[in-house]
Amino acid sequence: MIKDIAEYIDINPDMDLIKSLFDEVNSNDFNSFGKTQWISYSLEDRATGKDLKNLEIYEPLLSEHRKVHPNIKKRDTGFNVSDSTKKDLYAHADIDFHLEYPNYYNIVIPVFGRSVIEYFETKREEIFLPEKDAHGHWYYWEFKNRNKPGYEEFLQERKIGEIEVFDKPVFIDTNTMHRVIVTEAPRCAWVTRWNNVPKEYDYQTFKKKVESIL
């Protein structure tokens with residue numbers, strides 16, 4: 001664990017519901033997960049920004065998560081699936097700078113498989129904004145030298161910690177650069193991204209709110 005960045009969270013997810021939702025969408029609409037080989041069964045189409053049928057299917061779960069906070073980012077909420085330990089998620093930071101309030105947090109609920117989230121020291125001069133989403137907003141940071149030789153050594157020099165995602169839900173701050181390494185495949189996790197969270201809800205305050213409701 002990494003205090004105030006990536007910690008296990010004490011909630012009681014309805015895994016029967018979550019697994020039934022995954023079974024329902026497994027052959028439905030999906031998006032490729034950015035520049036990776038992951039599959040994402042999210043709430044909106046990443047290319048067009050239009051709502052997918054998944055938004056309706058997930059409503060029994062989303063209605064519970066909205067009790068924590070009403071703003072849930074459609075692009076980044078849903079099931080993320082990797083079918084191979086060779087299909088990881090590169091180092092990045094998820095951002096929502098265009099909203100009224102500054103904070104945003106993710107909850108990751110493992111469904112099957114295993115993974116590790118590694119976190120890295122984030123120096124502004126080493127990162128850039130690669131592209132905008134379908135709504136015209138910047139949505140993630142990336143390290144500038146991802147495609148250059150020595151990238152893995154670069155990451156290891158800046159690694160500040162990690163957390164395993166296996167049998168416990170994880171609460172994460174995505175503003176720090178991180179990547180996901182799949183250690184047992186296939187790997188599936190449900191992610192809810194709350195954004196537009198008022199500044200008074202820092203990491204621990206919002207985590208306690210999630211625990212008290214879920």
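Residues numbered from 1 in each chain as written. Predicted model: local features only at pLDDT ≥ 70, side-chain atom pairs only at ≥ 80, totals over all residues. Heavy atoms only, no water.

Draft legend 1. Inspection of the overall build of the protein chain at higher detail. From N to C terminus, the protein chain includes five helices and eleven strands. Against the globule reference of 17 Å for 214 residues, the protein chain gives a C-alpha radius of gyration of 16 Å, in line with a compact fold. With respect to the principal axes defined by its C-alpha atoms, the protein chain has extents near 45 × 40 × 35 Å. Counting the 214 residues in the protein chain, one finds 53% classified as buried. Put simply, 79% of the contacts in the protein chain that link residues at least 6 apart link residues at least 24 apart. Just so you have it, the protein chain exposes about 10,200 Å², and 47% of that area is on carbon and sulfur atoms. (Helix = DSSP H or I, 4+ residues; strand = E, 2+ residues; numbered from the N terminus. Rg over C-alpha atoms; globule rule 2.2 N^0.38 Å. Buried < 20%, exposed > 50% of the residue type's maximum accessible area, 1.4 Å probe, protein only. Contact = heavy atoms within 4.5 Å. Areas by Shrake-Rupley, 256 points an atom, 1.4 Å probe, with all protein chains shown as cover.)

Draft legend 2. Representation of the pairing of strand β10 (residues 170–173) within the structure. Covered by surrounding structure in β10 are V170 and I172 together with F171 and D173, the residues of both alternating faces. Sheet topology note: the strand β1 (residues 6–8)/β10 ladder contains three bridges and is antiparallel. Among the inter-strand pairings, A6 is bridged to a residue of β10, identified as I172. Where strand β6 (residues 103–120) meets β10, four bridges bridge the pair, whose relative direction is antiparallel. Each bridged residue has a counterpart across the sheet, and for Y105 the counterpart in β10 is D173. (Pairing = 2+ DSSP bridges.)

Draft legend 3. Fine view of the pairing of β6. Across the 18 residues that make up β6, a large majority, 16, are buried. When β6 meets strand β11 (residues 178–197), the two strands line up antiparallel, connected through 14 bridges. Within β11, the position partnered with I117 by the bridge is V180.

Draft legend 4. Region of interest: helix α5 (residues 203–213). All of the buried residues in α5 are Y203, F206, K207 and V210. Viewed along the axis of α5, the buried residues span an arc of 105°, placing them on a single side of the element. Structural note: α5 exposes K208 and S212 on the side pointing more than 90 degrees away from its buried face. As for α5, its buried residues are in contact with β1, β6, β10 and β11. (Arc of directions from axis to C-beta.)

Draft legend 5. Layout of the nonpolar core. Membership of the largest hydrophobic core comes to 30 residues, with the highest contact counts inside it found for Y58, F79, W194, F206 and V210. For this core, the elements supplying multiple residues, two or more each, are α1 (15–25), α2 (54–57), α3 (59–65), β4 (78–82), β6, β11 and α5. Not counting residues up to four positions away in its chain, the partners in contact with W194 are H65, V68, H69, N71, I72, Y104, Y105, I107, F206, V210 and L214. Formed by 17 residues, the second largest nonpolar core is a distinct cluster that contains A6, V165, I172 and V191. (Core = buried A, V, L, I, M, F, W, Y, C linked by side-chain atoms within 4.5 Å.)

Draft legend 6. The arrangement of the pattern of salt bridges in detail. Inspection of the entire model under this criterion finds 20 salt bridges. A salt bridge links R46 to D76, with the nearest nitrogen and oxygen atoms 3.9 Å apart. Taken together, the residues R46 in the loop between β3 (39–42) and α2 and D76 in the loop between α3 and β4 connect sequence positions 30 residues apart. Accessibility classification places R46 together with D76 in one group, the buried group. Two residues, D83 and K87, come together in a salt bridge whose shortest N-O distance is 2.9 Å. Connected through salt bridges with shared partners, the residues R46, K73, D76, D96 and R193 form a single ionic network. (Salt bridge = Lys/Arg side-chain N within 4 Å of Asp/Glu carboxyl O.)

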